[in-house]
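Structural features, examined
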Amino acid sequence: MSHTKGTGRSDNQNSSGLNLGEEMLVELDAQLRWERARCRDLERLLAASEARYRKLMSFTDDLIALVDRNYVYEWVNDALLRLYRKKYESVIGHSAAELLGRDHFENDVKPRFDRCLAGERVQIDEWVEKPNLGFRFMQIRLTPSMGEDGRVEGCIIHIRDNTDRRRAEEALERNARQLRLITDALPALIAYIDDQQRYVFVNAGHTRLLGKGRDYFIGRQVVEAVGPDIYAQIRGYLERALAGSEVSCRYSFEHETRGRLYFEGVYVPHRDENGRVLGVYSLVRDITHHRLVEAELERRGRILSAVASLSRLCLTTDRWTQIMGDALEQLGMAAGVSRAYLFEHSLTPDGRPLCTQSFDWCSEDLSADLVRHRTLEFDWYAEGLGTSYEALCRGETVTWGQTGYSEAEGRFLASRGIKSILMVPLFVDGAFSGFLGFDDCREERCWSLAEVSALQSAAGVMGAAIEKAEIGRRLVERERRYALATEAGKVGVWEWNLRTGTVFADPVLQRIMQRDCGDDGTEMDYWLDCIHPQDQAITADIRRQLERGELTEFDRLLRVHARDGGMRSLCFRGTLIRDPQGVPLKVFGTAIDLSEQRRVEEELRRANEEWSKTFDTVPDPILIQDLQGRLLKVNRACAERLDASIEGLLAKLHRAFPDGADCCDVERVSSHQGGRTCVAEIEENGQGRLLRVTTSPLFDHEGVLCGRIHVIHDITDRQRAERDRLAHLERQRDVLVREVHHRIKNHLQGLMGLLSLGGGGREECAGIIGEAIAQVQSIATVYGLQSREVAADVCFREMFDAIVSNVRGFSSVPVRMVAGNEIDSELCIVRDKAVVLALVINELLMNAVKCSVSGSDQDPVELNLGDDQGRLVLTIANSGVLPPGFDFETGQGLGTGLGLLRDMLPRQGALLSISGDVGRVMATAIIEPPLLVRRHRSS
């Protein structure tokens, strides 16, 4: 039972446990089916979501992809597939190296993937060459893909093509740079100021004006940037603009270097789309120049008004000196200067330019010290102002100030208390006459072109006034000279009115003809009655032709009766004047009294006839020439005795003077008081006659050289007698000179004999006496050669051979001539240097013989004489050596003989050198002009 019961519980228990398990299985199965259904739903949702995401990604042009740690694509969007023209299946599961290329991947892409897989967010903007698209500007973003465990599982790639944006940005940058260049180039101050009154933008005008960099202004408050002085002037304008009003502004300030500057401009508010003011645009321009121009134009207007007043003053007077004081006062006050003055130009006696003050004006506010600094006269070049003087002479205005002046100009300004000066040249009749000067002693000023132009106009008016006064003075003087000239020349002026028949004659003509016709004139017949009866017909014919217009001009000599009963010869000249229609209107003419001239001409004719008779009776030939060498007149003796040889004679006369110039040359005669008379002796060709020609200058009645007079005298016989007498005296002289030379030679030979006798018994003196005998023998040789021919030079070859022969007679050492080129036998030594040169050559030979090894036939003294292009070269060589320290050029180690020889050597035409070689000594003498000449024998 119990087993049954126990079994029953157990079965029940097993049955309940089984039911419980089944229930759990059913529950688990149900839960599993639910999870499966949920997973299918999630899969459907995920697929739908992925489809939506892919669809969404297909609408973007950005390139999006996901790669794992092995660089294998897990997902890409359609844009990337379209770019590489691939299908989804051909990309997914493939590596980036396959898609991009191994080299590009390894070199460029893989390093970036590695940085991203290491956890770094990589962002790169660069130009990339894309297939079929060329270079594109790409924005590349690599973002790590994190797993649930926080490890990087891959890399999310996001690439955006920003080419259009980049190009737009570059275009915007270019436009901004262009705008910057434009605003910087504008001659204005352009700025943008925000609502907090801070500078956001300024152009280069601000930096140029205030000398600050652009960075100094950006972000800085206006008051801090421009300073409190300027800000105090523009603050109200700026606040009104920030309140929403467009405001025009004007202000000024004192610049450090440019002085007071003036500005005007406009402030324009900047509003957003809601109308709120964000800031202010500022456009301001510098109007300093306009202000200066306005002031200059105002001064120019005042100056021109003064010039107009000056013009009226000049028209009302003929004496410009009377109005110059008022003119300078008006000009000085109009120009606003301290002083105005007029300096006149003049020259010193030596031609140096001076300026002398003639008039001046000083303003009332000029201090007494500056008034005392007036300049009355100065020398341009002595003051160092020659450059300014030359500029004024060229018509240029000259301005000086305290800056930019020369040292001389600075001294001139400082000594007179002047800070600025303007000099305007004054010309009269086209020549520099002086200048108008304007000083400003208060401040340095820049003279504008308008002011300078107006003051030049004033100088022109003053020059015209001076010129007008000068013309008036000249006209009065000319009229005075004309009246004196007509009176002195007895030239009368007349006018004949053909329509009224009235003749007007000036006072000179009335006095000549001794008639009084008054100022109203008289009838023509009144004057015709004065004509000589024999000239009445000529006068009537001239009158008729003039009235008909057939004669335009006439010139006739007519005789006129004077009231005193005398007869006068008058030359009447006249010219016909016609009206615009060509009808004869008037005749103007002159009448010259030639009565005295006719009388003088007659007397001159008679005097000329008398002179011609006297001129032809002179027995010596006489020729008269003008300055061009043309024959004006010859007398009868010249025509008969010289005839055709006159031109050859004149040519010889022209060459006869040592300076090759005619004694009556204009320059030479003008250098002597009244000229001088020249005498030349000329031998006539083919005639054997000797002529003495005396040439004298010929002057006209004003003392001006106009020609020459040649008087020719035959001195042939007298000259021949004088020549024979001189020849006889020369022959006597030659005989006497030859006798003197011969006796000198004999005395020298006697001296040599005495020396030989005196040295015969004394061996220690034999060498010295031998040298003396050789020297005396050389001198005797020269005198022997000179005794052959008087006043002749000495033949070098003969002298040399005689000296060599003499040395050979005294020496046991052989003296041998080495073959050389032949020398010209006509080569001689000038006679006054022959003795000295003979002693030099003798000393050289004796020294060579003495220094040689005695008795050696192999080592003789060798002589070589040659002609080298007009100069003689003598070489003397002997065995031996030179002593230590020997130097012929400096005179070291020469000894007595060579020292004397060096001093005797002629300084011109002779060169000597002594040198030594191994066992040989060589002396070389060069003889050349002027010591060496061609043979010259006395006649």
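As shown above, the structure is provided for reference.
For the structure given in this document, a descriptive report is provided here. Computed from a prediction, not measured in an experiment: that's the story for all the values here. (Residues numbered from 1 in each chain as written. Predicted model: local features only at pLDDT ≥ 70, side-chain atom pairs only at ≥ 80, totals over all residues. Heavy atoms only, no water.)

**Here we look at helix α28 (residues 895–904)**
Here is the rule: Classification of residues uses two cut-offs on accessible area relative to the type maximum, computed with a 1.4 Å probe and protein chains only: under 20% is buried, over 50% is exposed, and between them is partly exposed. A run of H or I in DSSP becomes a helix once it reaches four residues, and a run of E becomes a strand once it reaches two; helices and strands are each numbered from the N terminus. In this description, the arc belongs to the directions extending from the helix axis to the C-beta atoms. Between two residues, a contact is recorded if the distance between any of their heavy atoms is within 4.5 Å.
By the burial criterion, the buried members of α28 are L898, G899 and L901. Angularly, the buried residues of α28 cover 160° about the axis, an arc narrow enough to put them on a single face. Pointing more than 90 degrees away from the buried face of α28 are the exposed residues T896 and D903. The inward-facing, buried residues of α28 contact α27 (834–851) and β33 (910–917).

**What to know about the nonpolar core**
Heads up, the condition is: We define a nonpolar core as any set of buried Ala, Val, Leu, Ile, Met, Phe, Trp, Tyr and Cys residues linked to one another through side-chain atoms lying within 4.5 Å.
In this structure, F796, M799, I829 and I841 are the most contacted members of the largest nonpolar core, which totals 44 residues. Elements represented by at least two residues in this core include exactly α26 (796–810), β30 (827–829), α27, β31 (861–867), β32 (872–879), α28, β33 and β34 (920–927). With 10 residues, the single largest contributor to this core is α27. Not counting residues up to four positions away in its chain, the partners in contact with I841 are F796, M799, F800, I803 and L874. If you look at the next biggest cluster of nonpolar residues, it comprises 34 residues, including I323, A327, L422 and L455.

**What to know about unusual backbone geometry**
The omega angle of the peptide bond from P929 to P930 is 10°, so this bond is cis rather than trans. Phi is positive for Y71, close to 65°, though the residue is something other than glycine. Assignment of secondary structure puts Y71 in the loop between β1 (63–68) and β2 (73–76). Among the residues examined, Y71 registers a relative accessible area of 17% and is labelled buried. Of note in this structure, Q197 is not a glycine but carries a positive phi near 60°.

**Here's the deal with empty space enclosed by the protein**
Let me state the cut-off plainly: Cavities and pockets are found on a 1 Å grid laid over the protein atoms alone: a cavity is a set of points where a 1.4 Å probe fits but cannot escape, a pocket is an open set with protein on both sides within 12 Å along at least five of seven lines, and a lining residue has an atom within 4 Å of such a point. Grid points are joined across faces, edges and corners, and a volume is the space filled by probe spheres set on the points.
Considering all chains together, one arrives at seven cavities of 30 Å³ or more under this definition. Of the voids in this model, the largest cavity is the one considered here, and its volume is about 310 Å³. Considering the residues around the largest cavity, the lining is formed by 17 residues, among which W494, M524, L528, T539 and F572 are closest to the centre. Going through the elements one at a time, β17 (491–497), β18 (502–505), α17 (507–513), α18 (524–528), α19 (536–548) and β20 (553–561) are the ones with two or more residues in the lining of the largest cavity. Top element by residues in the lining of the largest cavity is α19. It accounts for four residues.

**A word on the sheet that holds strand β4 (residues 134–146)**
The strands making up a sheet associate through backbone hydrogen bonding, with each pair oriented either parallel or antiparallel. Operational definition: Strand pairing requires that DSSP identify at least two bridges connecting the strands. Fitted lines through C-alpha atoms serve as axes, helices being fitted only where they are in contact, and the angles separating the N-to-C directions of these axes extend from 0 to 180 degrees.
Strands sit in the order β2-β1-β5-β4-β3 across an open sheet of five strands; the sheet is antiparallel. Pairing within the sheet leaves two strands with one partner each, and these edge strands are β2 and β3 (122–130). Shown here is a sheet whose adjacent strand axes are inclined to one another by a mean of 25°, direction ignored. Direction of pairing for β3 relative to β4: antiparallel, over a ladder of nine bridges. By the bridge assignment, K130 is partnered in β4 with G134. The strands touched by helix α5 (residues 102–117) within the sheet are β1, β3, β4 and β5 (152–161), with β5 carrying the most contacts at an inclination of about 125°.

**Digging into the side chain of H532**
Relative to the assigned elements, H532 resides in the loop between α18 and α19. Here H532 is in contact with R559, H561 and M567, once residues within four sequence places are set aside.

**Observations regarding the pairing of β5**
Relative to β5, β1 is paired through six bridges, and the arrangement is antiparallel. Counterpart to A65 in the pairing with β5 is I157. Bridge count for β4 against β5 is nine bridges, and the pairing is antiparallel. Residue pairing in the sheet places M146 in a bridge with V152 of β5. Joining the antiparallel neighbours β4 and β5 is a turn of five residues, in which G150 adopts a positive phi near 85°.

**Here's the deal with the packing of α27 against α28**
Cut-off, in case you're wondering: Here the angle decides the label: under 35 degrees means roughly parallel, over 145 means roughly antiparallel, 65 to 115 means roughly perpendicular, and every other value means oblique. By definition, any crossing whose near helix is turned counterclockwise from its far helix by less than a right angle is left-handed, and any crossing with a clockwise turn is right-handed. Classification convention: Asp, Glu, Lys, Arg as charged; Ala, Val, Leu, Ile, Met, Phe, Trp, Tyr, Cys, Pro as nonpolar; all other residues, Gly among them, as polar.
α28 packs onto α27 with a crossing angle of 155° between their chain directions and a minimal axis gap of 10 Å. Put simply, α27 runs roughly antiparallel to α28. Between α27 and α28 the crossing geometry is left-handed. Contacts between α27 and α28 pair V836, L839, V840, E843, L844 and N847 from the former with G897, L898, L901 and M904 from the latter. Grouping the amino acids of the contact of α27 with α28 by side-chain chemistry returns seven nonpolar, two polar and one charged.

Honestly, that's just the spatial picture; any functional story needs more than this.
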